[in-house]
Each structure stands twice: as structure tokens, then as C-alpha cells.
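# A structural walkthrough
Listed below, chain by chain, are the residues.
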Amino acid sequence: MKNIEKIKIAPDATIKLALKIISNGAIRIAIVVNKNGKLLGTLTDGDIRRGFLKGLDINSPIKSIIFKKPIIAKKKDSKEKLLKIALSKKIYQVPIVDNNYKVIGIHVLDELIKHKNKSNKVVIMAGGKGMRLRPLTKNIPKPMLRVGKKPILQTIIEKFKESGYENFVICVNHLSKVIKNYFGNGTKFGVKIEYIHEKKRMGTAGALSLFKTKLTEPFFVINGDLMINLDFEKMLDFHDKHNATATMGVKEYSFNSPYGEVNLVNENILFINEKPMHKFFANAGIYVLNPECINLVPKKFFDMTTLFKKIILKKKKTISFPLDEYWKDVGRLIDYQKANKEFLKDSN
């Protein structure tokens, strides 16, 4: 049983404070209590991401996203009973309450349930020619461009390794020798790397059809030109807890229209919205897929968005995972320049 004083939060607190509590604590949960210490609910990273999808932001109050019916335990409950509950419900933290429903501690079961090093594969799509970044990509593949002192691809691999993922498959095509000569089999980076060579361009999903070994558990797919600061375990947990077939990382994008937008019905003006703000979620280029998805990929040029459309038509569960963390698609020269400036700023 662990102390919960540092993870307590009031129901009128903001998402910003909740994120700080969850991120700074090793337990990865916030306990919502009233002024008397009575349990009102819990809050996890997944609850907050679902809130973002509903239009909330970091300054919104947490009251609408509190999980009000968490699994709880009494002090006398055995660890065997708690483990049985945790395994069946896929939960890793169980608040402990007294007879008055006042929180007195929390059981953290991560160490007993989860493996530190995960066997899930990470597939990195690194076969593109990077035409929009010419002349930088004339003699070097786009994922090998350096942001800071390291190639983008190395930063991706190291970020996944921090989250416990060590098994990589890199899909290569353009100037593939540059990537293979740098990373080899991954030993010097403390990981295992296999390669799939695309004889022709196959898009952001087509290379999945070239897998020689049959996968038995969910796997990541990520574009090789992304700078992202994410604990990838959170994304896999989100995928598993929703029993999803496919999960797409999404990033909120907003812009101000430079014009007054006129809303019409036939020739009649209903109202005028002066320079409105538009918000939408964009595909962030990172995914978690179940092995069955591979069977839907033909051996030809095939994009991930088309694969998701196929999965949806099959009436399989597809979900979105909103990213509040740092994310940058380094696909254009201006984005590459911004990524380097942001990297230098974070390093100082």
C-alpha cells in the first residue's frame, strides 16, 4: 500500500494540475477526494485524453471527466484478490478506502502484472524519398536527417526504448544502405532491428504486407519523420483498454480564418462569423494495430488512411488517441527548421 497525499486532487481542479500530478508521480493516477478525504473518483491519462476528444483543454475543470465508479479495495483484502480483479478489469492501481469511504492508500499492481521490457513490435516506415526536403535528402534518406545531434530515426528508436520497447522493424527503400549501415542489427543501440526492403514505393502501410513472421500481439506503426515525446506505453494501454482493433494517434490543429464567414440558406444570410477559429484533429502518423489488420493490406502502394477505412468498413473498433505531448511532422523544410530550433531551445 502506497501513500496517496501527493496524488490527491479536488474535483474543481483543472486538467493542467491533474496532468502535473499524473506525470510527476510514478503511480500514474490522480485520486479525486472531497474536503473530508472521501473518494469521489479517479483520473488517469486515458480519462484526460478522452476529455480532449470532447473539446476540453488544459484549463478546463476535471469534474466532467472524473471516473466515478473505480474499483476499490478494503485494507483487509488480500493481494491475491486484488490481482484477480486487476487482471480481469485491466487496471493497475486500486484505491483503498475505510468503512466511511475515506481514502487511506492505494495498491499499485504494475510491477506484478506488467513486464518492464515489452515484446510488441515497433514498425518504422522509413522508405520515403523526402522530395519536399530536397536538396537535403538528395544523398540521405529523410529519417536520417539530424535534429540536434542525432538522426530523427535514432531519436524515435531511443524514445521507444525508454518506454520498454526493443523489437524494431524498419521498412526501407530510398538510400536504404545509409540506414542499415548506421543502425545495423541494433546491438549498439541496445535494441533488435530487422529490415523490410520495399522494392518499390508502398506508401505508409503497404510494407506491412511483406511481413514474413506472423505477429501475435498488437504492434506500433510510426512514420520515420516524426519528432515525438510520448510514453508509448500509454498509447498501447489506451488501445488495450478500449479493446480496439486499430488506434490512430491524433493531434489537435487549429487556425483562425482570415475572413468573416457568411452562413447562408439559399440566398438568405443567417449570420456572419467574423474570423472564426477552426479546430480539428489531424492524423499524427503513429498507430497501434492488432495483427489481424495485416491481412487487409495488399502487396502494393497502400496508405494507412485507406487501411483504417477498410477496418471501419469491416465494423471493427477503430479509436483515436489524442496527443497533448510535443509532436512535429518533419516533412517540409520549414518544419525541419522549426524542429531544430525547438530542439535547441529545449536543450538549453
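Residues numbered from 1 in each chain as written. Predicted model: local features only at pLDDT ≥ 70, side-chain atom pairs only at ≥ 80, totals over all residues. Heavy atoms only, no water.

### Some points on a nonpolar patch on the surface
Test applied: Patch definition: residues with relative accessible area over 30% and no salt bridge; like charges joined within 9 Å; nonpolar side chains (Val, Leu, Ile, Met, Phe, Trp, Tyr) joined within 5 Å. In short, Shrake-Rupley with a 1.4 Å probe defines the accessible areas, and a residue's cover is counted only from the protein chains shown. Whenever a carboxyl oxygen of Asp or Glu lies within 4 Å of a side-chain nitrogen of Lys or Arg, that contact is scored as a salt bridge. Think of it this way: any DSSP run of H or I at least four residues long counts as a helix, any run of E at least two long counts as a strand, and we number them from the N terminus. Summary of the burial criterion: residues with accessible area below 20% of their type's maximum are buried, those above 50% are exposed, and those between are partly exposed, where the area comes from a 1.4 Å probe applied to protein chains only.
Nonpolar side chains collect at one region of the surface, where Val262, Leu264, Ile269 and Ile272 lie side by side and expose about 390 Å² of accessible area between them. Elements that contribute at least two residues to the nonpolar patch include exactly strand E15 (260-265) and strand E16 (268-274). Note on placement: isoleucine 272 falls in strand E16. You can call isoleucine 272 exposed: its relative accessible area is 55%.

### Comments concerning the packing of aromatic side chains
Using the following cut-off: For Phe, Tyr and Trp, where Trp contributes only its six-membered ring, two rings pair if their centres lie within 6.5 Å, and the inter-plane angle classes them as stacked under 30 degrees, edge-to-face over 60, or tilted in between. A ring is scored as having a charge over it whenever the NZ atom of a lysine or the CZ atom of an arginine sits within 6 Å of its centre and within 35 degrees of its normal.
In the structure shown here, the tally under the stated rule is 14 aromatic pairs. Taking the centre distance of 4.9 Å and the plane angle of 70 degrees together, the rings of tyrosine 182 and phenylalanine 183 count as edge-to-face. Given a relative accessible area of 24%, tyrosine 182 falls into the partly exposed group. Here the aromatic rings of phenylalanine 238 and phenylalanine 321 are separated by 5.2 Å at their centres, their planes lie at 70 degrees, and the arrangement is edge-to-face. Residue phenylalanine 238 is located in helix H7 (residues 232-241), and its partner phenylalanine 321 is located in strand E18 (residues 318-322); the two are separated by 83 residues in the primary sequence. Residues phenylalanine 238 and phenylalanine 321 agree in their burial class; the two are buried. Grouping aromatic residues by their ring pairs yields a cluster made of Phe160, Tyr165, Phe168, Phe220 and Phe232. The side chain of lysine 118 reaches across the aromatic face of tyrosine 165, ending 5.4 Å from its centre.

### Details of helix H8 (residues 304-313)
The following threshold applies: The arc in question is the one traced by the directions running from the helix axis out to the C-beta atoms. Residues count as neighbours in contact if any of their non-hydrogen atoms are within 4.5 Å of one another.
Those residues of H8 not exposed but buried are Met304, Leu307, Phe308 and Ile311. End-on view of H8: buried residues confined to an arc of 100 degrees, all on one side of the axis. Turned more than 90 degrees from where H8 packs its buried face, Lys309 and Leu313 sit exposed. Check the buried side of H8 and you find it contacts strand E12 (219-223), strand E14 (246-256), strand E17 (277-289) and E18. Downstream of H8 by a residue or two, lysine 315 has a phi angle that is positive, lying close to 60 degrees.

### Some details on the sheet that holds strand E5 (residues 93-97)
To keep things clear, this is the line we draw: Only strands joined by at least two bridges in the DSSP assignment are considered to pair.
Ordered in space as E4-E5-E6, the three strands form an open sheet in which the pairing is mixed. On the outer flanks of this sheet lie strand E4 (73-74) and strand E6 (103-108), each paired with one strand and no other. Across five bridges, the pairing between E5 and E6 is antiparallel. Among the inter-strand pairings, proline 95 is bridged to a residue of E6, identified as isoleucine 106.

### Remarks on the packing of helix H5 (residues 152-162) against helix H6 (residues 176-183)
Just so we agree on the cut-off: Axis lines are fitted to C-alpha atoms, over the contacting stretch for helices. Their N-to-C directions set the angle, which ranges from 0 to 180 degrees. By the definition adopted for this analysis, an angle is roughly parallel if under 35 degrees, roughly antiparallel if over 145, roughly perpendicular if from 65 to 115, and oblique otherwise. Each crossing is labelled by how the near helix is turned from the far one, with a counterclockwise turn of less than a right angle marking it left-handed and a clockwise turn marking it right-handed. Each residue is assigned to one of three groups, with Ala, Val, Leu, Ile, Met, Phe, Trp, Tyr, Cys and Pro labelled nonpolar, Asp, Glu, Lys and Arg labelled charged, and all others, Gly among them, labelled polar.
Remark: H5 packs on H6, axes separated minimally by 11 Å, with the N-to-C direction vectors making an angle of 45 degrees. For the element pair H5 / H6, the angle class is oblique. Handedness of the crossing formed by H5 with H6: right-handed. Facing H5, whose interface residues are Leu153, Gln154 and Ile157, H6 presents Ile179, Tyr182 and Phe183. The class makeup of the residues in the contact of H5 with H6 is five nonpolar, one polar and no charged.

### Let's talk about the nonpolar core
Cut-off, in case you're wondering: Only buried Ala, Val, Leu, Ile, Met, Phe, Trp, Tyr and Cys residues count toward a nonpolar core, and they belong to the same one when joined by side-chain atoms within 4.5 Å.
One finds Ile124, Ile157, Phe160, Ile170, Phe220, Ile222 and Ile286 to be the most contacted residues of the largest nonpolar core, which totals 41 residues. Of all the elements, H5 adds the most residues to this core, at five residues.

### Structural notes on the packing of helix H1 (residues 15-24) against helix H2 (residues 45-53)
Where H1 meets H2, the closest approach of the two axes is 10 Å, and the angle between their N-to-C directions is 150 degrees. By the angle between their axes, H1 is roughly antiparallel relative to H2. In this structure, H1 meets H2 at a crossing whose hand is left-handed. Taking contact as the criterion, the partners of Ile15, Ala18, Leu19 and Ile22 in H1 are, on H2, Asp45, Ile48 and Phe52. Split by residue class, the contact of H1 with H2 holds six nonpolar, no polar and one charged.

### Concerning the side chain of lysine 142
Going by this rule: N or O atoms closer than or at 3.5 Å make up a polar contact, with two conditions inside protein: a donor-capable atom paired with an acceptor-capable one, and, for residues adjacent in sequence, both atoms drawn from side chains.
Looking at the secondary structure, you find lysine 142 in the loop between strand E7 (118-126) and strand E8 (146-147). Engagement of the side chain of lysine 142 in a polar contact is seen with the side chain of aspartate 225, the distance being 3.0 Å. Residues contacting lysine 142, with those up to four places away along its chain left out, are Gly130, Leu133, Thr137, Ile152, Asp225, Val330 and Gly331.

### Let's talk about the side chain of histidine 239
Relative to the assigned elements, histidine 239 resides in helix H7. Looking at histidine 239, the relative accessible area reads 1%, which means it is buried. Reaching out from histidine 239, the side chain makes a polar contact with the side chain of asparagine 290 at a distance of 2.8 Å.

### A closer look at the environment of tyrosine 195
Inspection of the secondary structure puts tyrosine 195 in strand E11 (residues 192-197). In the structure, tyrosine 195 is positioned 25 residues away from isoleucine 170 in sequence and 4.9 Å away in space, judged by C-alpha atoms. When residues no more than four places from it in sequence are discounted, the contact partners of tyrosine 195 are Ile170, Val172, Ile179, Lys180, Phe183 and Gly184. Polar side-chain contacts of tyrosine 195 include one of 2.6 Å to the backbone oxygen of glycine 184.

Don't take any of this as a statement about function, it's just geometry.
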